[in-house]
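Now for the letters of each chain:
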Amino acid sequence: MTKTALLAVLLAGAAPALAAAPKPLKAEAAAGVEARAAKAAEMVDQIFSFAEPGFQEVRTSEYLCKILEENGFKVTRGVAGIPTAFTATWGEGGPLIALGSDIDGLLGLSQYPGSPAIKPMVEGAPGHGEGHNSGMPLMVTAALAVKDVMIKHGIKGRLMLWPGVAEELLGTKAYYVRAGMFKDVDASIFVHVGRDFNTAWGNGGNNGMVSVEYSFKGKTAHAAGQPWDGRSALDAVELMNVAWNFRREHIRPQQRSHYVITDGGGQPNIVPDKASVWYYFREQDFKTIRGLYETGNTIAKAAAMATGTTESHRVLGYAAPNYSNKPLAEAAYANIVAVGLPKWTAADQAFAKAMQVTNGVKVEPLATEIKPLSTPDNRGTSLGGGSDDIGDIMWTVPTITIRYPSNIPNAIGHNVQSAIAMATPIAHKGVVVGAKAVAMTVLDLMTTPKIIADAKAWFKDVQLKTDSYDPVLGPDDTPAIHLNQRIMAEMRPKQEKFYYDPSKYKSYLEQLGIDYEKVAMTPPVAPPPRAPGQ
């Protein structure tokens, strides 16, 4: 029997109206993921050890590119004008499915994995306190498993893998869209580390965001001898911040806004002629995001006028509100249920509890039940919150995010607590089940044209019916690839001695001399109680 004839037989036994890929094909893909479990863990550990922040993911990006090239993918580096961004494509004919996840770490969150207590590897260095070291290993593993099945059974279709660079800066995906990276994509699957295993459809309830830096220019003078001859750019920054904080009372409660002063002058006895402040403005829809941005611009101009300085501003990043595709989510959720959660060991559960007790957060076991598909009806009312620039792709092509269980419940986000498990068996097992669900969903899309047709129809007729993509990017705005260069020039030499060497060690924990089972089974020590008023 030819491959084409065999595929016809398999399709004939599929669910009614070709609602999904045949179970034998999915079983092959899942087996392909399982066969690569050790390699997936190696990738997770390797990227954890690089611990590179946004726009500086040099080693991470090249490491992934090399693996994909070795497995027959055509890699294009430096896409959208971003040195650490790439696309990796394979296949011919059929639908084009995009598979992506973020790769950047966070500043100041260096942490030994497998240590329930906070213990920096390099004081002040970046670390994976969001778990972004795990997503692309998951996608690479899923893609290679799918590729094998497609070759074996003559299935037409194309894959495009891409990394989310500088997600923590909300710095690139709007530029990816502007550069046309997704113009031929039929459907997009994104993954993000989580504490459970699920996906969603509809308005995610989170906030979109614009990242903008305001710079003021004044005139120097002796701050004691003749301050009247100076014009303080720092005064303009401080006046802007005060004005914005007064304005908060008159902005919807869904908004989130925050800032840091990036340049406050040189020394106290010189009136600062240059000063800058970096703002994140967050809201739930395109109109109000743009409204916050325009209000910020107005306040900046007013601050400049009040201080006799001049003002300029630059958009550093953007994130659209998240809106996930219903037909894709329903297909993926069926596969999540079919795969199920990892089989956690006693050591896994004990380690999770040790982290929670040691750090004084709520004790909750690793997930053992899959929750219902997340929908607008069961998510409840949102009052805003964080942002994720996958939203820019969600408003460009039908897209979903799958969250996979590679971290510990109740670990604080953007904190070293969220790095503690990210190069341990907990992270590894979550990646494996996530890769199986992604691989099976890709096969659904490759063999079932109706799912993609329904996804595109829902995208057009439902999602775009009441709103449309409106990024706050000007024609002269470019990716802020300068960010984090200085900190990495200082930290990378200190971090290099901690890079994982899989040629010598079976795991990163082994290289670091950490006995996971022993640590997990050691009774944890809770932090001392907080004094009243703390």
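Note that this is a predicted model, so its numbers are computed, not measured.

Calculation rules
Residues numbered from 1 in each chain as written. Predicted model: local features only at pLDDT ≥ 70, side-chain atom pairs only at ≥ 80, totals over all residues. Heavy atoms only, no water. Helix = DSSP H or I, 4+ residues; strand = E, 2+ residues; numbered from the N terminus. Rg over C-alpha atoms; globule rule 2.2 N^0.38 Å. Buried < 20%, exposed > 50% of the residue type's maximum accessible area, 1.4 Å probe, protein only. Contact = heavy atoms within 4.5 Å. Lys, Arg positive; Asp, Glu negative; His and termini not counted. Charge placed at Lys NZ, Arg CZ, Asp CG, Glu CD. Pairing = 2+ DSSP bridges. Axes fitted to C-alpha atoms, helices over the stretch in contact; angles between N-to-C directions. Phe/Tyr/Trp six-rings, centres within 6.5 Å; stacked < 30°, edge-to-face > 60°. Lys NZ or Arg CZ within 6 Å of the ring centre and 35° of its normal. 1 Å grid on protein atoms, 1.4 Å probe; cavity = no way out; pocket = protein on both sides within 12 Å on 5 of 7 lines; lining within 4 Å. Points joined across faces, edges and corners; volume = space filled by probe spheres on them. Nonpolar A, V, L, I, M, F, W, Y, C, P; charged D, E, K, R; others polar.

Notes on the overall build of the chain
Logical step 1: Helices and strands together make up the secondary structure of the chain, namely 17 helices and 13 strands.
Logical step 2: Taking 534 residues into account, the globule formula puts the C-alpha radius of gyration at 24 Å, and the chain, at 24 Å, falls close to it.
Logical step 3: Along the three orthogonal principal directions, the C-alpha set of the chain runs to about 90 × 55 × 45 Å.
Logical step 4: Relative to its 534 residues, the chain shows a buried fraction of 57%.
Logical step 5: Long-range pairs, those at least 24 residues apart, make up 82% of the contacts in the chain between residues at least 6 apart in sequence.
Logical step 6: One finds the centroid of the 52 positive side-chain charges in the chain at a distance of 2 Å from the centroid of its 52 negative side-chain charges.

What to know about the sheet that holds strand 4 (residues 157-164)
Logical step 1: With mixed pairing, the seven strands of this open sheet are ordered in space as 1-2-4-3-5-13-6. Single-partner strands in this sheet number two, and they are strand 1 (74-77) and strand 6 (198-199).
Logical step 2: Most of the contacts of helix 13 (residues 425-447) go to strand 13 (residues 399-405), to which it runs at about 150 degrees, and overall it touches strand 3 (96-102), strand 4, strand 5 (187-194) and strand 13.

Considerations on the packing of aromatic side chains
Logical step 1: Here the structure, examined in full by the defined rule, presents 20 aromatic pairs.
Logical step 2: Taken together, a centroid distance of 6.1 Å and an interplanar angle of 75 degrees make the contact between phenylalanine 50 and tyrosine 63 edge-to-face. With phenylalanine 50 in helix 3 (residues 37-50) and tyrosine 63 in helix 4 (residues 58-70), this pair connects stretches of sequence that are 13 residues apart. The burial state of phenylalanine 50 is the same as that of tyrosine 63; both residues are buried.
Logical step 3: Looking at lysine 326, its charged tip hangs above the ring of tryptophan 201, at a distance of 4.7 Å from the centre.

Some words on empty space enclosed by the protein
Logical step 1: Scanning the model with the defined rule gives one cavity of 30 Å³ or more in all.
Logical step 2: Of the volumes computed, that of the largest cavity is approximately 90 Å³.
Logical step 3: What lines the largest cavity is a set of 14 residues, and nearest its centre among them are Ser49, Ala51, Ser110, Met121 and Gln495.
Logical step 4: When grouped by side-chain class, the residues that make up the lining of the largest cavity number eight nonpolar, six polar and no charged.

Looking at unusual backbone geometry
Glycine aside, residues mostly have negative phi angles, and peptide bonds mostly take the trans form.
Logical step 1: Phi is positive for alanine 166, close to 55 degrees, though the residue is something other than glycine.
Logical step 2: Note that alanine 166 resides in the loop between strand 4 and helix 6 (173-178).
Logical step 3: By relative accessible area, alanine 166 is classed as buried at 0%.
Logical step 4: Of note in this structure, asparagine 484 is not a glycine but carries a positive phi near 70 degrees.
Logical step 5: Along the polypeptide, asparagine 484 turns up in the loop between helix 14 (449-466) and helix 15 (485-495).

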